[in-house]
Amino acid sequence: MKNIFLHITLFFSLFCFSQNEQLAQYYYDKGDFEKAKISYEELLKEIPLNSQYFLRIIDCSQQLQQFESAEKAIQERFNKYNQGNLLVELGYNFQLQKNDDKAKMYYEQALERIKKNPNEVYGISNSFERKVLLDYALKSYQTASALEPNFNFNYQIGLLYGQLSNMEMMISTFLDEAFANPQNSIRIQNQLVRFMVDEGDANFNELLRKALIVRTQKNQDIFWNHYLSWFYVQQKEFEKAFIQEKAIYKRNPESLANIVNLGQLAIDEENDEAAKEILGFVLENTQDLELLIQANSYLMSMKIKKASQNDFAVISTELDGLLKQFEISPFTLSLQLIQAHFTAFNLKNPEEGKAIVKKALGLQLNDYDIANAKMELADILLFEEKFNQALIYYSQIELDLKNDVMAHEASLKAAKTSYFKTDFAWALKQFKELKSANTQLIANDALEYFLLINDNTVADSTQTALKQFAKGDYLLYQNRNQEAVTQFQSILKNHKGQEIEAVTLLRLGKIYENKGDFALALSQYQTIIDQHSDGIYIDEALYFSAEIYNEQLLPEKAKPLYEKVLFNHQDSIYFVEARKKFRQLRGDTNL
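Residues numbered from 1 in each chain as written. Predicted model: local features only at pLDDT ≥ 70, side-chain atom pairs only at ≥ 80, totals over all residues. Heavy atoms only, no water.

## Side note on the nonpolar core
Grouped together as the largest cluster of nonpolar side chains are 88 residues, with contacts concentrated most on Phe-128, Leu-175, Leu-192, Phe-204, Leu-208 and Tyr-227. With 8 residues, helix H13 (residues 222–234) is the single largest residue contributor to this core. (Core = buried A, V, L, I, M, F, W, Y, C linked by side-chain atoms within 4.5 Å. Buried < 20%, exposed > 50% of the residue type's maximum accessible area, 1.4 Å probe, protein only. Helix = DSSP H or I, 4+ residues; strand = E, 2+ residues; numbered from the N terminus.)

Okay, structure coming up:
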């Protein structure tokens, strides 16, 4: 009974203490520093060693300009516990009173403590960083490192150099640390990417490139070739990355996997010339069955994407030849699925396409391969307007690979299936859930369809125009592009000035762009810019127009369009790319 009573008492004590802490935090966040100070003083009485409560009391005193009270409290705690970080607190208290000489005196005393005992660097440097006294924080780490060789604060020092805008020293420190401790490379690369894509220093990319080239020239370790290749990939300069990867391969010809992956990246960024050169090198330099199949799969997908109907016979013969050469097996699944998709969607023979997939499903496949095959089968069933059967296979993938990227992709395709069959209520629910997917492409796609359905349902409760639009999208899915154009043009004619108009123009613009009719594409985007400047598709119209002009080498027309994305649409998914392209056209040296 005594134990039960003790547990109940302890529980209520902890509960009350937690409530008091929340109350103190509430007052502090609200800016009621008088009440927050009293609350934290009560908490500190309960746990006198809690430094966080003490620092909050000091902060509240300073916010209330009770500097003498703060000084007295810090000095008393310093006399009692002799903690070096309290010297920083004393100095900062004087700095707030504009007494810089006395502040400096205490900061220097804190640094002297590190000289006597390097282990004090942790508390002191942390205090300097919290007070944004970055120069002193840097000196703290440097002082401790000089005295204790086993300490490694290179990462923290690199970050501080970056915060102090000393980009050369940041790059040098980070690269030295990456080479000495390769396990930290990913973390360092993540920091470097922040400066490469964010505003940062105007010359940052050029400084980093030069630093990497110098290290590549001075040190023959292939580590630097890898790093330089990584840098060029971030810049999407795949040809230059390929030069580095070839140099690595010549010195260590064990695997071409990195080069194959580089080819895939080039394909994803639609740099077909680079992709062909990279994958051609792979085919010339390997007998590895898996790499040969992978490279050929990528090349065939590229050919099909760019092919006209006149090319179909040749592509069909090539696919037959490759599968005859490498045989039907689990290893050639990617080629089999490419053939199935090509047969169904391009040759308009879905029955034969399904037969190819079903034959593949009879092989000894792992879970991911089975999911890939089922995905293709569902896609073909959707092509045939067999919506419910397609949904069954998409659902199976969702269940078999829960929380996997492929499961999210299947969920997105299931949502689009509901959209195509004009079951908008269910589709809207699915797209809403997928807006927060971990994969950015899936989340962006889901958001686009969510806004499309939601906005056009609000504008027209009968969803008449939306149904016609979904039919146009379905025709695009079936590769019936000319019929889709007719459908979208009909929407423009019958629903002029309605909510659906802007997105219809956007769809038509993309169709014309893919056909290479850039003048017609630009006219669609221009109508959005002129007549729907306050709508949600304006950033896309600006960016797509800029891209067309940029590819046509008309920078004087592209630049102002990129600029409008930058200044008027900071929340656009195209913001980062628009900024990079704008800088290129402006002639920034870092690009």
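## Brief notes about the pattern of salt bridges
In total, this model carries 30 salt bridges according to the counting rule given. Linking Glu-112 and Lys-115 is a salt bridge whose minimum nitrogen-to-oxygen distance equals 3.2 Å. Separated by 3 residues within a single helix, Glu-112 and Lys-115 lie in helix H6 (residues 100–116), roughly one turn from each other. Note that Lys-354 is salt-bridged to Glu-384, the shortest N-O span being 2.9 Å. Of the two residues, Lys-354 sits in helix H20 (residues 350–361) while Glu-384 sits in the loop between helix H21 (367–383) and helix H22 (387–400), which places them 30 residues apart along the sequence. Of the residues examined, Lys-354 reaches a relative accessible area of 7% and is grouped as buried. Taking relative accessible area as the criterion, Glu-384 reaches 19% and is therefore assigned buried. A cluster of three or more residues bridged by salt bridges with shared partners is formed by Lys-236, Glu-269, Glu-547, Glu-577 and Lys-581. (Salt bridge = Lys/Arg side-chain N within 4 Å of Asp/Glu carboxyl O.)

## So, the environment of Leu-451
Structurally, Leu-451 can be placed in helix H25 (residues 440–459). With relative accessibility at 28%, the residue Leu-451 sits in the partly exposed group. C-alpha of Leu-451 to C-alpha of Cys-60: the two residues are 391 residues apart in sequence and 46 Å apart in space. Ignoring any residue separated from it by four or fewer positions in sequence, one finds Leu-451 in contact with Asn-456 and Ile-536. (Contact = heavy atoms within 4.5 Å.)

## Regarding the confidence of the model for the protein chain
In the predicted model, the protein chain carries a mean pLDDT of 91, and 95% of its residues have values of at least 70. In the model, residues 5–17 has pLDDT below 50 throughout and makes 4 contacts with residues more than four positions away in sequence or in other chains. (pLDDT = per-residue confidence, 0-100.)

## Things to note about the packing of helix H12 (residues 204–218) against H13
Where H12 meets H13, the closest approach of the two axes is 9 Å, and the angle between their N-to-C directions is 155°. Between H12 and H13, the angle falls in the class roughly antiparallel. Taken as a pair, H12 and H13 cross one another with a handedness that is left-handed. Between H12 and H13, the residues in contact are Asn-205, Leu-208, Arg-209, Leu-212, Ile-213, Arg-215 and Thr-216 and Trp-224, Asn-225, Tyr-227, Leu-228, Trp-230, Phe-231 and Tyr-232, respectively. Its residues assigned to classes, the contact of H12 with H13 comprises 9 nonpolar, 3 polar and 2 charged. (Axes fitted to C-alpha atoms, helices over the stretch in contact; angles between N-to-C directions. Parallel < 35°, antiparallel > 145°, perpendicular 65-115°, else oblique. Left-handed = near helix turned anticlockwise from the far one by under 90°. Nonpolar A, V, L, I, M, F, W, Y, C, P; charged D, E, K, R; others polar.)

## Digging into helix H24 (residues 424–434)
Phe-424, Ala-427, Gln-430, Phe-431 and Leu-434 are the residues of H24 that are buried. Down the axis of H24, the buried set is contained in an arc of 125°. They therefore lie on one face. Projecting away from the buried face of H24 at angles above 90 degrees are the exposed residues Ala-425, Lys-432 and Glu-433. The elements touched by buried residues of H24 are helix H23 (405–420), H25 and helix H26 (464–477). (Arc of directions from axis to C-beta.)

## Considerations on the side chain of Asn-456
Mapped onto the elements of the fold, Asn-456 is located in helix H25. A polar side-chain atom of Asn-456 sits 2.8 Å from the main-chain carbonyl oxygen of Leu-452. Residue contacts for Asn-456: discarding those within four places in its chain leaves Leu-451, Leu-466, Glu-499 and Ile-500. (Polar contact = N/O pair within 3.5 Å; in protein donor to acceptor, adjacent residues only side chain to side chain.)

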